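Below are the chains, spelled out letter by letter.
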Amino acid sequence: MPAGDVENVKREPIIRPSAVLMMNPTSLVDEIFTPSMLDELRSLVDIDASAVVTQLDGAAHVLQETELVIGGWGAPRLAPQDAPRLRGLIYLGGVAATCLDQPTAWAEQGLLAASARSINAIPVAEYALAMILLDGKDSFAAARGYRDRPDEPTAARAAIIGNHRRTIGIVGLSQVARLLIARLRTFDFDIVAFSPELTPELAAEMGVRNATLAEVMAQSDIVSLHQPLIPATVGQIDERMLSSMRDGATLLNTARGAVVDQDALVKELRTGRIRAILDVTDPEPLPHDHALWSLPNVVLTPHIAGSLGNELHRMGQNALEEVRRFVAGEPFRFPEPIG
């Protein structure tokens, strides 16, 4: 099996496995699962949905018999000795190993895991699409200007407003980026993308132009960031990249704050030459006196792109579907490597 692949083959069905919910705070359970979802969960597995494990202390008697964990944010990290019968982990976030201590040991024991990475990518892609369309209309500046100068005719700004044939730059080829590209293709955009994973053949299949990072930064009307935060991408969007952006271009970041050299971004924004829409910063939240709060060409949102509110129910529904698969002996829909 190629490195990085997940062994996810059909198994024998498991009749009502013992399961627990692990997350913190416990109120997350009712935010993620509707009452009907919890009813179905109880019909599939032996679980007490009111007894949510938030820490290992005091939970040993339950975990010793547990065969399936449904884990979420704030869950304690499990070592193999904590749950010796554990066979499956369904994680409601993006990286299943977040719930695991000694993930390599778990992998060697054959623990099967699934995550909601693909599900959580949906609202992030929707947020990015919305911001791209609003930015094309210069909506945020227009709203401020309209409030301050309500009698100014719209025609005075019309020459710089529009989404027709804009060039949208995509950095990274995450699941969010792929979903976003699919949505962007329904509009009249020119899409240019950079990722080490992007081959000419894949670019043609996705309907994007393959380019270098420097080309994406220099050619785009708005650049949407989707690269992972790894050593190679820390500060990847640096002073040189930012200074190469077109006058009037926008940087949109829904990835991680640290992929941008924030000091260099502030310096470039202060010239008024470019704009920024930032759902992530480094740190989060920013200090109260940080320059990004007061710059008029910056839109800051408090890390809201991912699943929130009723979007959490989509994650709950996905977890329930993965439980059905686990009980039936079917492969997970969204398997996750853990070791």
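Remember, it's a predicted structure, so these values are computed and weren't measured experimentally. (Residues numbered from 1 in each chain as written. Predicted model: local features only at pLDDT ≥ 70, side-chain atom pairs only at ≥ 80, totals over all residues. Heavy atoms only, no water.)

A.B. asks: I would appreciate a short explanation of the layout of surface pockets in the present structure.
C.D. replies: With a probe scaled to a water molecule rolled over the atoms, the places where space remains empty come into view. Roughly 1,200 Å³ of internal volume is contained in the largest pocket. Lining the largest pocket are 42 residues, and of these Arg 117, Ser 174, Val 176, Ala 255 and Arg 256 sit closest to its centre. When contributions to the lining of the largest pocket are tallied by element, the ones reaching two or more residues are helix H5 (117-136), helix H7 (175-184) and helix H12 (311-328). Looking at which element gives the most residues to the lining of the largest pocket, the answer is H5, with four residues. Here the lining of the largest pocket is built from residues that sort into 19 nonpolar, 17 polar and six charged. (1 Å grid on protein atoms, 1.4 Å probe; cavity = no way out; pocket = protein on both sides within 12 Å on 5 of 7 lines; lining within 4 Å. Points joined across faces, edges and corners; volume = space filled by probe spheres on them. Helix = DSSP H or I, 4+ residues; strand = E, 2+ residues; numbered from the N terminus. Nonpolar A, V, L, I, M, F, W, Y, C, P; charged D, E, K, R; others polar.)

A.B. asks: Would you mind going over the sheet that holds strand E3 (residues 88-91) with me for this structure?
C.D. replies: In a beta sheet, neighbouring strands pair by backbone hydrogen bonds and run either parallel or antiparallel. With parallel pairing, the four strands of this open sheet are ordered in space as E1-E2-E3-E4. On the outer flanks of this sheet lie strand E1 (19-22) and strand E4 (112-114), each paired with one strand and no other. With strand direction ignored, the average angle separating the axes of adjacent strands in the sheet is 15°. Across four bridges, strand E2 (residues 68-71) lies against E3 in parallel orientation. Bridge pairing in E3 links Leu 68 to Gly 88. Its contacts with the sheet put H12 on E2, E3 and E4, and the angle it makes with E3 is roughly 165°. (Pairing = 2+ DSSP bridges. Axes fitted to C-alpha atoms, helices over the stretch in contact; angles between N-to-C directions. Contact = heavy atoms within 4.5 Å.)

A.B. asks: What is the right way to read the packing of aromatic side chains from this model?
C.D. replies: Two aromatic rings are characterised by how far apart their centres lie and by the angle between their planes. Enumeration according to the criterion identifies two aromatic pairs in this entry. Aromatic pair Phe 187 and Phe 189: ring centres 5.7 Å apart, planes at 35°, arrangement tilted. Given a relative accessible area of 35%, Phe 187 falls into the partly exposed group. On the basis of relative accessible area, Phe 189 is assigned to the buried category, the value being 9%. (Phe/Tyr/Trp six-rings, centres within 6.5 Å; stacked < 30°, edge-to-face > 60°. Buried < 20%, exposed > 50% of the residue type's maximum accessible area, 1.4 Å probe, protein only.)

Read these as geometric descriptors, not functional statements.
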